[in-house]
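Remarks on the overall topology
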Amino acid sequence: MSTMTLACGLLCTQQPTEKPAPILTADQAALQRANQRIKTLEGEVKALKETKTKTPAERNPSKHVVNRKKAAPRPTQTYEVTAYTNGAESTGKSSSHPDYGITASGARTKTGHTIACPPSMAFGTRLNIEGIGVRTCEDRGGAITEGHIDLYVADVSEAQAFGRQRLKAEIITK
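Here's a quick rundown of the structure. Fair warning: this is a prediction, and the values are worked out from it, not measured in the lab.

Position of T145 among the secondary structure elements: in the loop between β4 (133–139) and β5 (148–152). Sequence separation between T145 and E80 is 65 residues, and the spatial gap between their C-alpha atoms is 9.8 Å.

Printed below as a string of structure tokens:
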């Protein structure tokens, strides 16, 4: 076989082309979002399993404590606290998006209730935030890292006015 024939054979063969990504139906898109939520929750379950397992005395102290003393102080930490809204400026979702106003835990955002916490903090953890009050961890965010919590507020002007604050927060329940 000549070099020309070999070169032509190599150049002329058809190469497989990549198929374009299919257009998803509304049901397929919802399923894709649900699968993403499942992956997030699976990661949280894994993180919780990796934490120290409580002893029976820690699970039910009233059965295992003979001389009850004052309750140990609750853990308090200083956090960098910011505020966010449901809007595109905070979440990237427009009001027409099917998950608009839905937190990573699946709950709806509520003023005076919802906060976004780092993955190390389980959904449902309640914090008493200095000067703010009690809020519940129900959301996550790409910029929410250890030592940072994001307070849900109703509108952008309120979030901007809140700014970035360093506040103490006491963990009430885990």
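The strand order around the closed barrel formed by six strands is β1-β5-β2-β4-β3-β6, and the pairing between neighbours is mixed. Along the sheet, successive strands turn relative to each other by an average axial angle of 50 degrees, direction set aside. In this structure, strand β1 (residues 76–84) lies alongside strand β6 (residues 165–173), joined through six bridges in antiparallel fashion. If you follow T76 over to β6, its bridge partner there is E170.

Before going further, it helps to spend a moment on the pattern of salt bridges. The final tally for this structure, using the stated rule, is two salt bridges. A salt bridge links E80 to R164; the shortest N-O distance between them is 2.2 Å. In this pair, E80 sits in strand β1 while R164 sits in the loop between α6 (156–162) and β6, placing the two residues 84 residues apart along the sequence. Among the ionic pairs, K110 bridges to E138, the shortest N-O distance being 4.0 Å. Of this pair, K110 sits in the loop between α5 (88–91) and β2 (114–116) while E138 sits in strand β4, and the two are 28 residues apart along the sequence. A relative accessible area of 10% places E138 in the buried class.

Calculation rules
- Residues numbered from 1 in each chain as written.
- Predicted model: local features only at pLDDT ≥ 70, side-chain atom pairs only at ≥ 80, totals over all residues.
- Heavy atoms only, no water.
- Helix = DSSP H or I, 4+ residues; strand = E, 2+ residues; numbered from the N terminus.
- Pairing = 2+ DSSP bridges.
- Axes fitted to C-alpha atoms, helices over the stretch in contact; angles between N-to-C directions.
- Salt bridge = Lys/Arg side-chain N within 4 Å of Asp/Glu carboxyl O.
- Buried < 20%, exposed > 50% of the residue type's maximum accessible area, 1.4 Å probe, protein only.

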